[in-house]
Amino acid sequence: MSRAATDAATGAVTDAAAERIELEIGGMTCAACAQRVERRLNKLEGVTASVNYATEKATVHAGAGANAGTGAGAGASPSTGTGPITGTGAGGATRLDRDATVAELIAAVEKSGYSAQEPAPPSEDSSGAGAGERELARLRRRLLVSAALAVPVALLAMVPALQFPWWNWVSLALSLPVVLWAGWPFHRAAALNARAGSATMDTLISLGTLAALLWSVYAMVFGQAGDPQLRHEFVFFAEPPWLSDAAHAGGAANIYFEVATAVTVFLLLGRYFEKRSKSRAGQALRSLLNMGAKEVAVLREGAEVRIPVSELTVGDEFIVRPGEKIATDGTVTAGASAVDMSMLTGESVPVDVAEGDSVTGATVNTSGRLRVRATRVGSETQLAQMAALVEQAQSGKAQVQRLADRVSGIFVPIVLGIALITLGVWLLVGPSAEFAFTASVAVLIIACPCALGLATPTALLVGTGRGAQLGILIRGPEVLETARGIDTVVLDKTGTVTTGAMELVAMHSARTWGDAGVGAGAGAGAGAEAGGDVELLRLAGALESASEHPIGRAVTNAARESLGSTSGALPEVQDFQSHQGFGISGTVAGREALVGRRELLRQRGIAVPGEVEEMLAEAESRGATPVLVAQEGVFAGVLIISDAVKDTSAEAVARFAAMGLSTVLLTGDNAGAARRVAAEVGIEEFIAEALPQDKVAAVARLQEQGRKVAMVGDGVNDAAALAQADLGIAMGTGTDAAIDAAGITVLRGDLRSVADSIALSRRTLRVIRSNLFWAFGYNTAAIPLAALGLLNPMLAGAAMVFSSLSVVGNSLRLRGFKGV
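Every value quoted in this text rests on a predicted model; they were computed, and no experiment measured them. (Residues numbered from 1 in each chain as written. Predicted model: local features only at pLDDT ≥ 70, side-chain atom pairs only at ≥ 80, totals over all residues. Heavy atoms only, no water.)

Attention now moves to the overall build of the protein. Counting secondary structure elements, the protein contains 29 helices and 26 strands. Buried positions account for 53% of the 820 residues belonging to the protein. Across the protein, the fraction of contacts at a sequence separation of at least 24, relative to all contacts at a separation of at least 6, is 69%. Carbon and sulfur atoms provide 56% of the accessible area of the protein, an area that totals close to 33,700 Å². (Helix = DSSP H or I, 4+ residues; strand = E, 2+ residues; numbered from the N terminus. Buried < 20%, exposed > 50% of the residue type's maximum accessible area, 1.4 Å probe, protein only. Contact = heavy atoms within 4.5 Å. Areas by Shrake-Rupley, 256 points an atom, 1.4 Å probe, with all protein chains shown as cover.)

As judged from the 3 bridges shared by strand 9 (residues 337–340) and strand 10 (residues 351–353), these two strands associate in the antiparallel manner. Note that in strand 10 the partner of A338 across the bridge is D352. Where strand 9 meets strand 12 (residues 364–365), 2 bridges bridge the pair, whose relative direction is antiparallel. Within the sheet, the bridge partner assigned to V339 lies in strand 12 and is N365. (Pairing = 2+ DSSP bridges.)

As a further point, take the pattern of salt bridges. Enumeration according to the criterion identifies 17 salt bridges in this entry. A salt bridge links R597 to D352; its shortest N-O distance comes to 3.4 Å. Pair noted here: R597 is in the loop between strand 19 (591–596) and helix 21 (598–603) and D352 is in strand 10, with a separation of 245 residues, a long-range link. Judged by its relative accessible area of 41%, R597 is partly exposed. The closest approach of N and O atoms between R752 and D750, which form a salt bridge, is 2.8 Å. You can call D750 buried: its relative accessible area is 15%. Salt bridges sharing partners connect three or more residues here, namely E651, R655, D750, R752 and D756. (Salt bridge = Lys/Arg side-chain N within 4 Å of Asp/Glu carboxyl O.)

Taken in spatial order, the 6 strands of this open sheet run 6-5-7-13-8-11, and their pairing is antiparallel. Since the sheet does not close on itself, it has two edges, and those belong to strand 6 (303–308) and strand 11 (358–359), each with one partner. Across 2 bridges, strand 5 (residues 295–300) lies against strand 7 (residues 317–320) in antiparallel orientation. Along strand 7, the bridge assignment pairs A297 with I319.

Glancing now at unusual backbone geometry. A negative phi holds for most residues other than glycine; trans holds for most peptide bonds. Its identity is not glycine, yet W166 carries a phi of approximately 70°, on the positive side. Backbone geometry places D575, a non-glycine residue, at a positive phi of 55°. Within the secondary structure, D575 is located in strand 17 (residues 573–579). Exposure remark for D575: the relative accessible area of 59% places this residue in the exposed category.

Among the 5 residues that make up strand 15 (residues 488–492), 5 are buried, leaving the element largely enclosed by the rest of the structure. Burial of strand 15 is two-sided: the residues T488, V490 and D492 facing one way and the residues V489 and L491 facing the other way are all buried. Summarising the sheet, strand 15 and strand 22 (residues 662–666) pair through 5 bridges and their orientation is parallel. Along strand 22, the bridge assignment pairs V490 with V664.

All right, on to the sheet that holds strand 17 then. Spatially, 16-21-20-19-18-17 is the arrangement adopted by the 6 strands of the open sheet, whose pairing is antiparallel. Edge positions in the sheet fall to strand 16 (498–509) and strand 17, since each has one partner strand and no second. Each strand of the sheet is rotated relative to its neighbour by a mean of 20°, with strand direction disregarded. Relative to strand 18 (residues 583–588), strand 17 is paired through 5 bridges, and the arrangement is antiparallel. Directly across from S578, in strand 18, lies its bridge partner I584. Strand contacts of helix 24 (residues 671–681): strand 16 and strand 21 (634–645), with the helix running at about 55° to strand 21, the strand carrying the most contacts. (Axes fitted to C-alpha atoms, helices over the stretch in contact; angles between N-to-C directions.)

Let us now look at a positive patch on the surface. On the surface, a cluster of positive charge is made up of R39, R40, K43 and K111. Along the chain, K43 turns up in the loop between helix 2 (31–42) and strand 2 (47–52). (Patch = residues over 30% accessible without salt bridge, like charges linked within 9 Å, V, L, I, M, F, W, Y side chains within 5 Å. Lys, Arg positive; Asp, Glu negative; His and termini not counted. Charge placed at Lys NZ, Arg CZ, Asp CG, Glu CD.)

Before going further, it helps to examine the nonpolar core. A general trend in soluble globular proteins is that nonpolar side chains are found buried together. Judged by nonpolar contacts, the single largest core of 46 residues is most densely connected at L491, I729 and L751. Other than its neighbours up to four places away in sequence, I729 contacts A710, M711, V712, G713, L722, A742, I744, V746, V754, S757 and I758. (Core = buried A, V, L, I, M, F, W, Y, C linked by side-chain atoms within 4.5 Å.)

This paragraph deals with the UniProt feature "transmembrane region" (unreviewed entry) in the protein. Residues given the UniProt feature "transmembrane region" (unreviewed entry) here are residues 143–160, 166–184, 204–226, 246–270, 407–429, 435–462, 771–788 and 794–812. Along residues 143–160 the backbone is 89% helical and 0% strand, and the end-to-end C-alpha distance reaches 27 Å. The span residues 204–226 is 83% helical and 0% strand by assignment, and the distance between its end C-alpha atoms comes to 27 Å. (UniProt positions renumbered as here; feature names shortened; annotations may be inferred.)

With that settled, consider the packing of helix 5 (residues 167–182) against helix 6 (residues 184–195). The N-to-C vectors of helix 5 and helix 6 enclose an angle of 45°; their axes lie 5 Å apart at closest approach. Overall, the two elements helix 5 and helix 6 adopt an arrangement that is oblique. Judged by residue contacts, V179, L180, W181 and A182 of helix 5 engage W184, P185 and H187 from helix 6. (Parallel < 35°, antiparallel > 145°, perpendicular 65-115°, else oblique.)

Moving on: helix 23 (residues 649–658). An α-helical turn contains 3.6 residues, so any two residues separated by three or four positions project in the same direction. Every buried residue of helix 23 is accounted for by S649, A652, V653, R655 and F656. Projected onto a plane normal to the axis of helix 23, the buried residues spread over an arc of 155° and lie on a single side. Structural note: helix 23 exposes A657 and A658 on the side pointing more than 90 degrees away from its buried face. Once helix 23 ends, the next one or two residues include G660, with phi positive near 80°. (Arc of directions from axis to C-beta.)

With 73% of its residues at a pLDDT of 70 or more, the protein has an overall mean of 75. Between the elements of the protein, mean pLDDT differs from a low of 36, seen in helix 1 (residues 2–10), to a high of 93, seen in helix 5. Here residues 246–250 is a poorly scored stretch, pLDDT under 50, and it has 14 contacts once near neighbours within four places are set aside; other chains count. For the stretch residues 393–402, pLDDT sits under 50, and the model shows 29 contacts to residues farther than four places along the chain or on other chains. (pLDDT = per-residue confidence, 0-100.)

Next up on the list: the environment of W426. Positionally, W426 belongs in helix 12 (residues 403–429). Counting along the chain gives 14 residues from W426 to S440, while the straight-line C-alpha distance between them is 8.8 Å. Within the structure, the side chain of W426 is placed 2.7 Å from the backbone oxygen of A787, a separation counted as a polar contact. (Polar contact = N/O pair within 3.5 Å; in protein donor to acceptor, adjacent residues only side chain to side chain.)

Here we take up the packing of aromatic side chains. Enumeration according to the criterion identifies 2 aromatic pairs in this entry. For the pair Y218 and F222, a centre-to-centre distance of 5.3 Å together with 40° between the ring planes defines the contact as tilted. You can see Y218 and its partner F222 sitting in helix 7 (residues 201–222), 4 residues apart, about one turn around the helix. Assessed through its relative accessible area of 26%, Y218 is described here as partly exposed. Residue class for F222 comes out exposed when judged on its relative accessible area of 64%. An aromatic cluster is present here, built from W215, Y218 and F222 joined pairwise through their rings. The lysine or arginine in question, R142, covers the ring of W181, its NZ or CZ lying 5.2 Å from the ring centre. (Phe/Tyr/Trp six-rings, centres within 6.5 Å; stacked < 30°, edge-to-face > 60°. Lys NZ or Arg CZ within 6 Å of the ring centre and 35° of its normal.)

If you want it as C-alpha cells, here you go:
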C-alpha cells in the first residue's frame, strides 16, 4: 500500500506544467457566490479553478496560458513556484511571474464583487481563527440586537390590544436599526450581486425588507398610516381593491414594519448558525500543530537550555524526560524508553526505542530519559505533513450545496419578474400608481423567505439538541445532506472498535500447563482462582508496579483488581532493573523474578518450552502482546496483554448492516490484530498497517469506486482520513484534531451512537427538506393573491407567522427520535 497509497493521499501525480495556488475568498454568502467566483476564474486563460464555499477557499491550477511566464525553464516547484531554477531557457517560472499570476487572479475575483488574498501559513497563533471569531461575534451582536427590537414591533402589529397612541411611530424607530444596521450584510451582498449583474436570495431579502420599510415610511409621511390612532385589524383577506373605496388610497394606510423586521431576524438566525459551523473549518490544522511541544531542553556546550521549539535546528541535540512530548523528528543518541506512538499510527502498544532508533515529534516519552538529535524541523516533520494532508483533504470541491440556494437560482429571478410585471400591469389598468406599487411590493414581501430562514436552523437546532442528548454533535446542514448518501462506513480500530487501553486478557502458569497442557489457561479473572495463576499474577503485578510502562500498568491493575489487593498489599520489590527494550527484573519476596520478552529469558539462560513458543506465535498473530514471567531462573508462565474490543462494537456493526451500510476496518495495527478484531465484531473487509497517508489513500480509493464513505476515528492519525471522507465521524473520547476534522462527533465513545448519528442526520435532513417545501409553498401560493391586489399587510404577516409555526412544529418532531 506504500507507494500507490502515498500518491493517492498526497496528490503526487500532478501536472508539472500547472502551478497550484490557493486563495482565501471573502464576501461569499451562499453557494451561488462560490459558483460565480469559480466561473470568473475559469474564464482566465490557462486557469482551472475550484471554489469551496464551506472553507471559503479557491484552489487554482495556473497552466502555461496563465500569466506565469512558463516556458522552457526548469526546476520551478509545481506546488509553490518557489523552487530553484536550474534551467536557462527563456520564460522560466520566477517568483515575479507567480506574483503577477496571483495579482491577476485576485483582480478577477474582485471584479466579481468579492475579496481575495493568499492564505497565511498555518501556525499555532495564526490570526485566522481570531478573525473568524470576531466576524461571528459581530453577527451574533446583530442577531441579538435585532431580535430585541423586532419582538415588540411584531407584538404591536399583530395584537391590536397593545396598540397605544403613536405605536406606529415607535415601530418605525425600532425597525430602522433592524432593517438598515442588522440587515446590512444582506444589503451589501445584494449590492455586490447587482454590480456583477446577478441576483441571489440576498437580493430578494434586501429588496423585500427595504421595500417594506420604505413603503411604510411613505405611508406614514404621505398617507394615512401616520395617524397616531392607527389600528391594525387582524384580517386574512381584504375586499378586492378594484371594488373597494380603499383602492384609491393605494395602500397608503398600511405599514409593513413587522414583516421587514421579522424577515431580517429570522434570516440573521440562519446566517449565524451557518457562520458558526464554517468558522470551525480551520481548527483541525491548528489542533494538529498544537499537538507538538512548545519548548525543548536543547544541549548547548554540555548544558541544558530551554528554548522555543521554533528555534530548534537540524543537528541540535535535546533531552526528553518521562511524560514529555518529543519536540521534533529525530534519532535517539542515548537512553532507552517506550514511546507512545498512538497519535501517529493508532497503535495502542508503546514502542520501545533505544540508541539509533528514530522518533517522531509530538509523540510521548512514557518512561526513560532520552537524548535525541533533530533530523527534521518545522514544515518537514511528520506532524506538519499530517497537517498538510488535512488541509489538502478539506480544500477539495464540496459536492453538497444548500437546498435553498439551489431553488433560489430559479425562484429569485421569477419573483423579481412577477413583481415587475405586477407593477407594469397595474400601472396600465389599475386605479392609481400607488396601488400598482403596493401590489408589486406585496409580491416581494410575501415571497421574501421568512419561513425559509427558519427551515434549516430550527430543524438543525432541534436535531442537534436531540443529538446532544444522545451524545451526538452534528456540525451543520452539509453534514446532514452528506449522511443521506453514505453507503460505506470505515472504522478505525484502536479507540473506536476497541477500548484503546491495554488489558490483561489471559494468563497461563507453568503449573497449569503441567496439569492440562497448552491452551488450558483461563482469563485473568478466572485464572486468579487457580493457585498457580494466583502466584503468577501476584509476582508479575508486584514487579510491574515499579515500572512506568503501559503494559506494566495493565498487569499491575489486573493484579490489584483480580486479587482484591490494595497497592500496599502487593509484595515489595527490591533491586529493580529495567532492561532496554526487553523487560524488567527484580527481587520479589526474596526471590529473583523476570518479566518481559522471550529474549530476556534467553539472555538469562532460562528455557522456554516448545509448546509455549507455539502459543506465543498464535497470540502475536492475533495482535496480542505476550509477556513471559520467570522466577529463580525457572519459567513461571505467560501473561497475554491485548487491546479489548468494546462490548457494543459487534452490535453497532450489525446496525450498520441493517441500515444497508457496508463496513471496513482500517487500522495501523498489524494484520493479526486487525483480523482478530474484524472477526470478533463481524466485519469482512479490513486494511492493516496503515499510516496516516495510507488511511487517506484507502478512503480515496473507496471514493473512486463510487462509494460514499463515512470515516470513524479518534486519533490524530485519523484526522486527514476524516477530512478526506465524505463524512467524518470522530469519537469524542479521542483527540481534538480528530474531532475538529469531523462533521459529526460521538461523545460517548460508543460505536452504536455512530449508527444513531447517521440515522439522526437522515431524519433531520428529511425534516429540512419538508420545511423548505412548505416554506416555498406558502410563499409561492400567496404570490398570485399579492399580484392581484388581494393581499394586505396583515395577511402577509399572518401567512408568515403560519408558515413559520408550521416549520417550527415540523422540526419539533425530531425531539422524539429514539435511535436505531
